[in-house]
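Residue-level structural notes
Below, each chain spelled out in residue letters.
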Amino acid sequence: QVQLVESGGGLVQPGGSLRLSCAASGSICSIITMGWYRQAPGKERELVATITSRGSTSYADSVKGRFTISRDNAKKTMYLQMNSLKPEDTAVYYCTVPREPYTSSWGQGTQVTVSS
């Protein structure tokens, strides 16, 4: 089990872009699937995107075509490129492995705010 720390959030105008990073404390080569979740105020935590060790990706319908998930095993980092951002994308974003024990232990996340 490795420690995952997300960064890269901030304030951006609608239509803008941000790139989130998720740094791991150790090798992620053995982790088959990694992903990004987000949680907006008053809403449940939502799975945004996943990526496998072989590069297969999946996206929530709400972000499909706008977000791109990627990973660099050598750099022990996962990324989420977010383009054409909308106000409804405002949330705290978390990187994790979508299974136990990771889903029982969440980090601080990184805040993304899309506003004029």
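See the structure printed just above.
Below is a short write-up of the structure. (Residues numbered from 1 in each chain as written. Predicted model: local features only at pLDDT ≥ 70, side-chain atom pairs only at ≥ 80, totals over all residues. Heavy atoms only, no water.)

1. Focus on the pairing of strand β10 (residues 110-114)
- Side chains T110, V112 and V114 of β10 all project onto a buried face; the interleaved residues Q111 and T113 project onto a face where none is buried.
- Sheet topology note: the strand β2 (residues 10-12)/β10 ladder contains three bridges and is parallel. Across the sheet, the residue bridging to G10 is V112, located in β10.
- With three bridges connecting them, strand β9 (residues 91-96) and β10 associate as antiparallel partners. Residue pairing for β10: V92 is matched across the bridge by Q111. (Buried < 20%, exposed > 50% of the residue type's maximum accessible area, 1.4 Å probe, protein only. Helix = DSSP H or I, 4+ residues; strand = E, 2+ residues; numbered from the N terminus. Pairing = 2+ DSSP bridges.)

2. Quick word on the sheet that holds strand β1 (residues 4-7)
- Taken together, four strands build an open sheet; the order of strands is β1-β3-β8-β7 and the sheet is antiparallel. If you trace the sheet from one side to the other, it starts and ends with β1 and β7 (67-72), each paired once. Neighbouring strand axes in the sheet, compared pairwise and without regard to direction, differ in orientation by 15 degrees on average.
- Note that β7 and strand β8 (residues 77-82) share six bridges and pair antiparallel. Paired with D72 across the two strands is T77, which belongs to β8. (Axes fitted to C-alpha atoms, helices over the stretch in contact; angles between N-to-C directions.)

3. Quick notes on unusual backbone geometry
- With omega at 0 degrees, the peptide bond leading from E100 into P101 counts as cis.
- For K76, which is not glycine, the phi torsion reads 55 degrees and is therefore positive.
- Mapped onto the elements, K76 comes out in the loop between β7 and β8.
- With phi around 50 degrees, S84 is a residue other than glycine that occupies positive phi space.
- Along the chain, the position of S84 falls in the loop between β8 and β9.
- Given the relative accessible area of 40%, S84 is considered partly exposed.

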